[in-house]
Amino acid sequence: MVAQSAKFKQAITDSKKLKAKPTDDELLEVYAFYKQGTQETKFEDAPKPGSFDFKGKYKYNAWKKIVDEKVTPEQAQTKYVDLVEKLKKAYGFEA
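Residues numbered from 1 in each chain as written. Predicted model: local features only at pLDDT ≥ 70, side-chain atom pairs only at ≥ 80, totals over all residues. Heavy atoms only, no water.

Undergrad: Lay out the side chain of Gln-39 with the relevant residues and their values.
TA: Mapped onto the elements, Gln-39 comes out in the loop between helix H2 (24–38) and helix H3 (54–68). Relative accessible area serves as the criterion here: at 12%, Gln-39 is assigned to the buried category. Within polar-contact distance, the side chain of Gln-39 engages the side chain of Gln-36 at 3.1 Å. With residues near it in sequence (within four places) discarded, Gln-39 still touches Met-1, Val-2 and Pro-73. (Helix = DSSP H or I, 4+ residues; strand = E, 2+ residues; numbered from the N terminus. Buried < 20%, exposed > 50% of the residue type's maximum accessible area, 1.4 Å probe, protein only. Polar contact = N/O pair within 3.5 Å; in protein donor to acceptor, adjacent residues only side chain to side chain. Contact = heavy atoms within 4.5 Å.)

Next up, the structure:
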């Protein structure tokens, strides 16, 4: 697991307090940056979703895209914070 910045931890909390649900594409982006930013399980060690796990495949592929772009965990944390801030402005936020 990678060290998490205070801003990243706050953004994780804030992401759960959005007033409206972001689009599926935005949620996939949030998921990918979170997974890469935390490295709870490294991508290489993550199990691949089953044949009929369509939601799992979308999530896996979103994370794979970030890994393929060579985004480091630290960069992912920064991008996650920026994305959550954008979503707070777009969807509202319950402080």
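Alright, that's what it looks like, and here's the rest.
Undergrad: Help me get a handle on the side chain of Thr-38, residues and values and all.
TA: Turning to its location among the elements, Thr-38 is positioned in helix H2. Since its relative accessible area comes to 1%, Thr-38 is described here as buried. In contact with Thr-38, not counting residues within four places along its chain, are Met-1, Val-2, Gln-4 and Phe-8.

Undergrad: Talk me through the nonpolar core; I want residue IDs and the actual numbers.
TA: By size, the foremost hydrophobic cluster in this structure holds 17 residues, and its most contacted members are Phe-33 and Tyr-80. Every element with two or more residues in this core is listed here: helix H1 (6–15), H2, H3 and helix H4 (73–91). For this core, the leading source of residues is H4, giving 6 residues. Not counting residues within four places of it along the chain, the set of residues in contact with Phe-33 comprises Ile-66, Ala-76, Lys-79, Tyr-80 and Leu-83. (Core = buried A, V, L, I, M, F, W, Y, C linked by side-chain atoms within 4.5 Å.)

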